[in-house]
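Descriptive structure summary
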Amino acid sequence: MLWNTAAGLLNAAEAYLVIGMPKQREKQSLFIFEITVLCLAGTFLCGVEVFLAVFAADLALYKKELLLLVVTGGMLVLSGYVSVIYTVMRRQGVLLAIYIVNTAIASFAMPQFVRNGGIRSAAIGELVSFAIHVFVFYMGLLVCFYFYRRSTSYRVG
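What this report covers is the structure whose coordinates are included nearby. No experiment lies behind these values; they were computed from the predicted model shown.

1. As for the overall build of the protein
- Assigned secondary structure in the protein consists of four helices and zero strands.
- Counting helices and strands in the order they occur from the N terminus, the protein gives α-α-α-α.

Given below as structure tokens:
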């Protein structure tokens, strides 16, 4: 009796977290985007000077690459956020499959980027890799949401 009640509460909590909160997910994703834009603006205005003061390294020649890597960092944060959603949904297997495929693709593509264009191509390759990674994460979420809704729509009690 107690076990059935606990399982029912867990299913209700999962449904609320996964399905019932699309506005909160959108707000949180938008907040991550806004913080990334803010960091990008700060990097554009004084990023090279901060690196010069802190690390005594003049990165004036690499300002564009630095900006690309800040955008990549924002995608990394989105990736981490979506990873938490997968974990709440208990879909770590999907998460693992996405990481394995992305790692395999990046392992083959990144050396080519670096050989052909140096630092700039490496930054572009990293940006493309994370863009694909985040895109696949969000597409996987749509598929998981579809099957989750489908599996919970016919449950009674």
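2. Observations concerning the packing of aromatic side chains
- Counting across every chain of the model gives three aromatic pairs.
- With 5.6 Å between their ring centres and 75 degrees between their planes, Tyr 99 and Phe 137 make a pair best called edge-to-face.
- Given the relative accessible area of 35%, Tyr 99 is considered partly exposed.
- Members of the aromatic cluster, each reached through a chain of ring pairs, are Tyr 86, Tyr 99 and Phe 137.
- Over the aromatic face of Phe 44 sits the side chain of Lys 63, whose NZ or CZ is 4.5 Å from the ring centroid.

3. Topic: the nonpolar core
- Ranked by internal contacts, the top residues of the largest apolar core, which has 17 residues, are Val 82, Ile 85, Tyr 86, Met 89, Phe 137 and Leu 141.
- Where this core is concerned, the elements lending two or more residues are helix H3 (63–88) and helix H4 (92–152).
- The greatest single-element share of this core, amounting to nine residues, is contributed by H4.

4. Some points on the pattern of salt bridges
- Inspection of the entire model under this criterion finds one salt bridge.
- A salt bridge links Glu 65 to Arg 120, with the nearest nitrogen and oxygen atoms 2.8 Å apart. Taken together, the positions of Glu 65 in helix H3 and Arg 120 in helix H4 put the pair 55 residues apart, joining distant regions of the chain.
- Residue Arg 120 is classed as partly exposed on the basis of its relative accessible area of 39%.

5. Side note on the environment of Tyr 62
- Mapped onto the elements, Tyr 62 comes out in the loop between helix H2 (22–55) and H3.
- What makes Tyr 62 partly exposed here is its relative accessible area of 37%.
- Between the C-alpha atoms of Tyr 62 and Arg 120, which are 58 residues apart in sequence, the distance is 8.1 Å.

6. Quick word on the environment of Glu 34
- When you line up the elements, Glu 34 lands in helix H2.
- C-alpha of Glu 34 to C-alpha of Gly 74: the two residues are 40 residues apart in sequence and 9.5 Å apart in space.

7. A few points about the environment of Ile 119
- Mapped onto the secondary structure, Ile 119 falls in helix H4.
- Between the C-alpha atom of Ile 119 and that of Tyr 62, which follows or precedes it by 57 residues, the distance is 8.4 Å.
- Setting aside its immediate chain neighbours within four residues, Ile 119 contacts Tyr 62 and Glu 65.

8. A short note on H3
- The end-to-end C-alpha distance of H3, which contains 26 residues, comes to 38 Å, matching closely the 38 Å that a straight helix rising 1.5 Å per residue would cover.
- Residue Arg 90 follows H3 closely and has a positive phi angle near 60 degrees.

9. Notes on the side chain of Asn 102
- Along the chain, Asn 102 falls in helix H4.
- Look past the residues within four positions of Asn 102 in its chain and what remains in contact with it is Ser 129 and His 133.

What counts and what doesn't
- Residues numbered from 1 in each chain as written.
- Predicted model: local features only at pLDDT ≥ 70, side-chain atom pairs only at ≥ 80, totals over all residues.
- Heavy atoms only, no water.
- Helix = DSSP H or I, 4+ residues; strand = E, 2+ residues; numbered from the N terminus.
- Phe/Tyr/Trp six-rings, centres within 6.5 Å; stacked < 30°, edge-to-face > 60°.
- Buried < 20%, exposed > 50% of the residue type's maximum accessible area, 1.4 Å probe, protein only.
- Lys NZ or Arg CZ within 6 Å of the ring centre and 35° of its normal.
- Core = buried A, V, L, I, M, F, W, Y, C linked by side-chain atoms within 4.5 Å.
- Salt bridge = Lys/Arg side-chain N within 4 Å of Asp/Glu carboxyl O.
- Contact = heavy atoms within 4.5 Å.
- Expected span 1.5 Å × (residues − 1).

Function cannot be inferred from these measures alone, as they are strictly geometric.
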